[in-house]
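Inside the fold
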Amino acid sequence: MTLSFDTPYLPYRTVEQEWDVIVAGGGTAGAVAGIAAARTGARVLVVEAQGSLGGTGTNAWVTPLMRNVSGGVNLNRGLTEELKARLRGRGDGAVDPGGNDNWFNPEGLKFVLDDLLVEAGGEVLFHTHVVDPLLEGGAIRALAVHNKGGLQALRATCFIDATGDADVAQGAGVPMSAGDEEGLHQAMSLRFTLAGVDTAKLRDFLAASGQGQASAEFLHFWMVWGRQSTLEPLFREAVARGVLLERDGDYFQGFSVPGRPGEVSFNCPRIRPELNDGADPWQLSAAQLDGRQAITRLTAFCRTYLPGCEAAFIGVVAPMVGIRETRRVQGEYTLSVEDILDCTKFEDSICRNHYPVDIHSVKGGARLLHERDGAAPYFALDAWHEIPYRCLVPQGVDNLLVPGRAASSTFEAQSSIRVQQNCHSMGEAAGIAAAWAARNHGGQVRLVDVPALQAELRRRGALV
Ligand SMILES: Cc1cc2nc3c(=O)[nH]c(=O)nc-3n(C[C@H](O)[C@H](O)[C@H](O)COP(=O)(O)OP(=O)(O)OC[C@H]3O[C@@H](n4cnc5c(N)ncnc54)[C@H](O)[C@@H]3O)c2cc1C
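Residues numbered from 1 in each chain as written. Predicted model: local features only at pLDDT ≥ 70, side-chain atom pairs only at ≥ 80, totals over all residues. Heavy atoms only, no water.

Before going further, it helps to spend a moment on the layout of surface pockets. The volume enclosed by the second largest pocket comes to roughly 310 Å³. Lining the second largest pocket are 20 residues, and of these Glu217, Phe218, Ser256, Val257 and Pro258 sit closest to its centre. Broken down by class, the residue content of the lining of the second largest pocket amounts to 9 nonpolar, 7 polar and 4 charged. (1 Å grid on protein atoms, 1.4 Å probe; cavity = no way out; pocket = protein on both sides within 12 Å on 5 of 7 lines; lining within 4 Å. Points joined across faces, edges and corners; volume = space filled by probe spheres on them. Nonpolar A, V, L, I, M, F, W, Y, C, P; charged D, E, K, R; others polar.)

Here you go:
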């Protein structure tokens, strides 16, 4: 059901102030969109459910930024480069002699995003849930939000839905896709850290067991059933002794974090497969419980089986469950896996990608496109495809853009473009486009001059 702006059947209070752009969700794409829009001089408000910006990259504790490299060049520039430079300046970002500067401390990123948004003149409203868009004809006039002030309507000329779950677009009646051909979503994970780790001892153990490490400051280790991890025998023993469940070995990965010596961050546990819809509040809540139970098991495993972790304790449990995929809008263009394999270039490109299709399936394991053999253009080391502006433009609404993991794409294509640096790039493009749409076209995002947008992105350092 859609709400009319003129039918106040909900007791919301219309806030006096009006903005050029409101960004719903200040996460990976949304925070960057807010910064980029505010830098054009637009009046910008970011509305965020949590108490800090960054979304999955901070509150779900997802680090590092996945590499998105072609021909030895990082394909994402602009604000994503600025975030890295600021993180390094705080001691919260990696300076890696191997050139991999994508590792960062999620807590540090919260501060960096605060600073950049405030410096750009943007505003933020934390602890506020976007409830629904208020529509007039084919346009959104306001967002109904809920916070400690009750139900309120926040008005703007143009809107960005960066909620990851396309909450605004869903409320506006935009057609949606979700999940794979069976409607199953990628696995959710609840990330955590162990602190109090003797990382030198852990490095020596990992090296001796066949997982060589560059240094104690830069650890990376893993185990997935059947993938020839040297840690698999330990997992087998732990399952036999009841320390772990079989499914705890579906995906296990740990690594160190810049600025946090003695701590190891885990890209797991995966949530049990029946709970895979992060847009279902009951599943999301059950996932939180399931994840914490699994963290108890994994902590016991590490303390018992991994030398260096004997005195380890839980440092962080991510405040947000990590959600890889839920709803995806149907936009003016839907990116497909064929576009990725064929390295399709678009006249309205706003981002380049060479990150593989990376499906963390609830049916088991992780599937990577580069594990397929093929002669497709994609497999060249200097290949890339593009993401068109039209993927951010949802069908049926005049003044809304949707960057990030809910952008218009098929299930397989989404699993490739969803990585953080692409979300930054999509967010940067959406922010500038929304600000221009508000200033020049009454919010209508289809009237934005895309070649001028591309030129502006290039001026800000992007590769488009
Ligand atoms: C477990 C896991 C591991 C991953 N590993 C990597 C990795 O190693 N490297 C990498 O680059 N990428 C990785 N990814 C992918 C990447 O992190 C995400 O796809 C990306 O961060 C999503 O960005 P987004 O802006 O679309 O959504 P998010 O960053 O999730 O932002 C959405 C924001 O909207 C807010 N919000 C939601 N609904 C509302 C509402 N109704 N009202 C107000 N606010 C709302 C949320 O609080 C959040 O801040 C991983 C993802 C997961 C889940």
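Text resumes after the structure shown.
This brings us to the site of the ligand. The immediate surroundings of the ligand are formed by 34 residues, with Thr28, Glu48, Thr56, Pro64 and Arg418 found nearest. Measuring from a nitrogen atom of the ligand, one finds a backbone N or O atom of Pro64 at 2.7 Å. Every element with two or more residues in the shell around the ligand is listed here: helix 1 (28-39), strand 7 (129-136) and helix 10 (420-440). Of the residues assigned to the shell around the ligand, the class counts are 12 nonpolar, 16 polar and 6 charged. (Near = heavy atom within 4 Å. Polar contact = N/O pair within 3.5 Å; in protein donor to acceptor, adjacent residues only side chain to side chain. Helix = DSSP H or I, 4+ residues; strand = E, 2+ residues; numbered from the N terminus.)

Our focus in this paragraph is the sheet that holds strand 11 (residues 192-195). Across the sheet, 5 strands lie side by side as 12-13-14-11-15; this open sheet has antiparallel pairing. Bordering the open sheet on either side are strand 12 (220-223) and strand 15 (313-317), each of which pairs with just one other strand. Ignoring which end each strand starts from, the neighbouring axes of this sheet average 25° apart. The sheet contact formed by strand 13 (residues 252-256) and strand 14 (residues 264-266) spans 3 bridges and is antiparallel. Among the inter-strand pairings, Ser256 is bridged to a residue of strand 14, identified as Val264. (Pairing = 2+ DSSP bridges. Axes fitted to C-alpha atoms, helices over the stretch in contact; angles between N-to-C directions.)

A separate point is helix 2 (residues 79-90). Helix length check: helix 2, at 12 residues, gives a terminal C-alpha distance of 17 Å against a target of 16 Å (1.5 Å per residue), a fit within 8%. Inspection of helix 2 places Leu79, Thr80, Leu83, Lys84 and Leu87 among the buried residues, and these make up the whole buried set. Looking down the long axis of helix 2, one finds its buried residues gathered within 145° of arc, a one-sided arrangement. Looking at the packing, one finds that the buried side of helix 2 touches helix 1, strand 5 (73-74), helix 3 (106-120) and helix 10. (Expected span 1.5 Å × (residues − 1). Buried < 20%, exposed > 50% of the residue type's maximum accessible area, 1.4 Å probe, protein only. Arc of directions from axis to C-beta. Contact = heavy atoms within 4.5 Å.)

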